Amino acid sequence: HVIHNFHEKTDFIDITLSKTQRKTPTVIHKHYQIHRIRHFYMRKVKFTQQNYHDRLTQILTDFPKLDDIHPFYADLMNVLYDKDHYKLALGQINIAKNLIDNVAKDYVRLMKYGDSLYRCKQLKRAALGRMCTILKRQKSSLEYLEQVRQHLSRLPSIDPNTRTLLLCGYPNVGKSSFINKVTRADVDVQPYAFTTKSLFVGHMDYRYLRWQVVDTPGILDHPLEDRNTIEMQAITALAHLRAAVLYVMDLSEQCGHTLQEQLELFNNIRPLFANKPLIIVSNKCDVKKITELSEENQACDRLLAHRVDTKVKGKKVHDVLNRLHLAMPTKRDQKERPPFIPEGALMRRRAMEVDAPKRKLEKDLEMELGDDYILDLQKYWDLMNADEKNDKIPEVWEGHNIADYIDPDIMKKLEDLEKEEELKERAGEYDSDDESEDEEMQEIRVLAKQIREKKQLMVMESKEKDIHGPRMPRTATKVERKQLEKEMGELGLDMNDKDDSHYAQQGRRSRSIAKKRKREASAPPTSKTRSQSASRPPRDQSGLRDPKMARKAKKMMKNSQKGMNRQGKKGESDRHVFDLKPKHLLAGKRKSGNTDRR
Amino acid sequence: MRIEKCYFCSGPVYPGHGVMFVRNDCKSFRFCRSKCHKNFKKKRNPRKTRWTKAFRKASGKELTVDNSLEFEKRRNIPVKYNRELWDKTVEAMKRVEEIKRKRQAKFIMNRLKKGKVLEKEEAIQEVKKNIHLIKAPHAGKAKQMEDKMVQKLQEDIDMGDEDI
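Residues numbered from 1 in each chain as written. Chains lettered and ligands numbered in written order. Predicted model: local features only at pLDDT ≥ 70, side-chain atom pairs only at ≥ 80, totals over all residues. Heavy atoms only, no water.

Asks: Tell me about the packing of aromatic side chains, and name the residues and values.
Replies: Following the criterion strictly, the structure yields 14 aromatic pairs over all chains and no others. Their ring planes at 90 degrees and their centres at 5.6 Å tell us that Tyr7 of chain B and Phe40 of chain B sit as a pair that is edge-to-face. Residue Tyr7 of chain B is found in the loop between strand S1 (4–5) and strand S2 (12–13), and its partner Phe40 of chain B is found in helix H1 (residues 34–41); the two are separated by 33 residues along the sequence. Members of the aromatic cluster, each reached through a chain of ring pairs, are Tyr7, Phe21, Phe29, Phe31 and Phe40 of chain B. Over the ring of Trp51 of chain B we find Lys35 of chain B; its NZ or CZ atom is 4.0 Å from the centre of that ring. Here the guanidinium or amino end of Lys102 of chain B rests over the ring plane of Tyr430 of chain A, the centre of that ring lying 4.6 Å away. (Phe/Tyr/Trp six-rings, centres within 6.5 Å; stacked < 30°, edge-to-face > 60°. Helix = DSSP H or I, 4+ residues; strand = E, 2+ residues; numbered from the N terminus. Lys NZ or Arg CZ within 6 Å of the ring centre and 35° of its normal.)

In structure tokens form, the structure reads like this:
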């Protein structure tokens, strides 16, 4: 039995609470979302509950159930610890565990309705507090169980099923001395009675087998009900262990009881010896010599025989025998049917006996040829014509795998294909059908092409128009006569001798009217400048005395533009930087030049 | 050595080229180049990606069912080497390839023929609608009228002559 150490109840509570604090998150603020706050506190409650639950379950499972263990141990524990008290203590622990679970469940349910950090926190405090109180109430049970545990761990490990010798008798007759002599046990031997207060085990070897020797405390002669715990242990051992009983008697009456009393005791506890080989040991015969033999040998032999007998006579053996049955087939005719051995096996056996080399191996060949050896697996191929073995097999032709075309029926298929092809050609499928189109269609095509070209030209022209100002209607711009005649001529109309036409006359009229207006010598008359005041000189001539100065001004203007033009700027306000992080300036080491220009 | 087919574009994967991907269900996919591989990883369907052979076959742009295409087929039963058979096969391959090419070309040409008809229609429509861009509607009419007048006068004179 291995029971884990558990601490007193104060430690228990402290440990669990500190664990809760360490293992669950600790940071929470009241501005967190409410579901997060709730989850946080719920987690703490559940964690504590889980811990308590686990520990208590551990306790419950570790302690042995009196119904599950060997009756010897059950009785022994009853004798030592009182069955009722034991069961009660464990029951209380179980109840505590369930209560803790319920508390946790309830408070988790309540936590769902907590609407602020403070409320949830109080709920958690309440839950943990209640759980701890429940546990505090179990103080006495836990103490008791702790003591039981400590005592239980010190019980001797007696195997109730193996070969055992049991020493019993009055106190102080010499049982412990006997066990000290016979085994390696080291039991206290003292002149006062009840030196041995509990069972002790020793081990010895006899006939290559291990034997347990159990030493009991002395038994006094009174009825069962009056017996104390110490004696009860001896009785329990007697009652449950299937062992050879050695009843030790003190011939010299040094134990303080007469032979008569010892015999009486023997008769009283005789019912306990039922079904067990019994040896009466007369001890201390050096003091007083009455030779009544009892040697250990006899006891052991007797026990062994007894055990074997019981086993054979047991019903189990019969069960096994019943199931065994040897089946022999009956002969149906006189034909001989010897076992079948394949020929290969026989040959192999013969070959093994003869011990001759089978054939020349590649390895031998390799050894012979040495450096000239070439591994040529193609020579083992099994082909229809043996002389083709060394052919170089083509695999690929013009992007196709030859292996995909290999087919024993390929020639037949090819023939069929060729026939099909012929039929198709005859039917005229492969004739190129460029029907010669009639002239009309050709003309139409030409015209269509011209139309398309013209359309493209028109589109391009409209794209090239540079409209920066307000869009004037078409009638605002004057149409020149030459332009008009050219266009219409292209469209196929006859535009010669059109001086008398209406449009030409109109053109002349407007020109003659326009001439009457005064014009400045500098500006030629155009429709755009008509709106300007006549007195203002144009900008590039204002403030300049003579052409020489004008030229100089122009030169200065051009000079100032050079820099901008070289940098490809649109004007003086163009500050656009095309490449903010040019690689040649920013990458690499500063080996040559500076970063302005590298 | 085998020239495999790319799973995505159905192009040839020569030995030493491309990538093979083996999936957990033991199906292996070969790719001729990273373009196909990347498209595959993007879970694109080759039957819907326009530049692949799979698309062209699935949308009827290329010859699909034909006897000449049945020759190149991966057979899982190997045939023992036989020099005659191999020679004949190589010859047959060349002829089959010719025929296959012819038929594929014919198929595509037939498909494109419809375009010619449409072109014709288009040209006629174009001319009908936009002839005014090249030729004014009454372009030669003045001359025609003149000629007509001249002719008429001529006729009248003739008539007059006749009368006289």
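There is more to say after this.
Asks: Describe the interface of chain A and chain B, with residues and values.
Replies: In this complex, chain A contributes 53 residues to the contact, which on the side of chain B involves 50 residues. Of the roughly 5200 Å² buried between chain A and chain B on both sides combined, carbon and sulfur atoms contribute 61%. Our count for the contact surface shared by chain A and chain B stands at 13 salt bridges. Linking chain A with chain B are 22 residue pairs in polar contact (both at pLDDT 80 or more), by the criterion used here. Among the secondary structure elements, those contributing two or more residues to the side of chain A that touches chain B are strand S6 (396–397), strand S7 (400–401), helix H14 (410–427) and helix H15 (439–464) of chain A. For the side of chain A that touches chain B, the leading source of residues is H15 of chain A, giving 11 residues. Across the side of chain A that touches chain B, the residue classes tally to 24 nonpolar, 6 polar and 23 charged. (Contact = heavy atoms within 4.5 Å. Buried area = accessible area lost by both parts, 1.4 Å probe. Salt bridge = Lys/Arg side-chain N within 4 Å of Asp/Glu carboxyl O. Polar contact = N/O pair within 3.5 Å; in protein donor to acceptor, adjacent residues only side chain to side chain. Nonpolar A, V, L, I, M, F, W, Y, C, P; charged D, E, K, R; others polar.)

Asks: Just give me the short version of the UniProt feature "domain: TRASH" (unreviewed entry) in chain B, but keep the residues and values in it.
Replies: The UniProt record annotates "domain: TRASH" (unreviewed entry) at residues 6–44 of chain B. Each end of residues 6–44 of chain B is marked by a C-alpha atom, and these two atoms are 14 Å apart; helix forms 21% of the span and strand 26%. (UniProt positions renumbered as here; feature names shortened; annotations may be inferred.)

Asks: Kindly report on the pattern of salt bridges, identifying the contributing residues and their values.
Replies: Considering all chains together, one arrives at 34 salt bridges over all chains under this definition. Close ionic contact of Asp67 of chain A with Lys87 of chain A constitutes a salt bridge, the shortest N to O distance being 4.0 Å. Separated by 20 residues along the polypeptide, Asp67 of chain A in the loop between helix H2 (34–62) and helix H3 (71–81) and Lys87 of chain A in helix H4 (residues 83–111) bring together distant segments of the chain. Among the salt bridges present, the one from Arg337 of chain A reaches Asp333 of chain A, with a minimum N-O distance of 3.4 Å. The partly exposed category is assigned to Arg337 of chain A, whose relative accessible area is 48%. Through salt bridges that share partners, Glu420, Glu421 and Glu425 of chain A together with Asp66, Lys102 and Arg103 of chain B make up one connected network. (Buried < 20%, exposed > 50% of the residue type's maximum accessible area, 1.4 Å probe, protein only.)

Asks: I'd love a proper account of the layout of surface pockets, names of residues and values included.
Replies: In this model, the second largest pocket occupies a volume close to 1100 Å³. Mapped by element, the contributors of at least two residues to the lining of the second largest pocket are S7 of chain A together with S1, helix H2 (53–58) and helix H3 (83–130) of chain B. The element best represented in the lining of the second largest pocket is H3 of chain B, accounting for 4 residues. Of the residues belonging to the lining of the second largest pocket, the class tally is 5 nonpolar, 7 polar and 14 charged. When residues of the lining of the second largest pocket are assigned to domains, at least three map to each of domain 1 (1–62) and domain 2 (70–133) of chain B. (1 Å grid on protein atoms, 1.4 Å probe; cavity = no way out; pocket = protein on both sides within 12 Å on 5 of 7 lines; lining within 4 Å. Points joined across faces, edges and corners; volume = space filled by probe spheres on them. Domains from an automatic or database assignment.)

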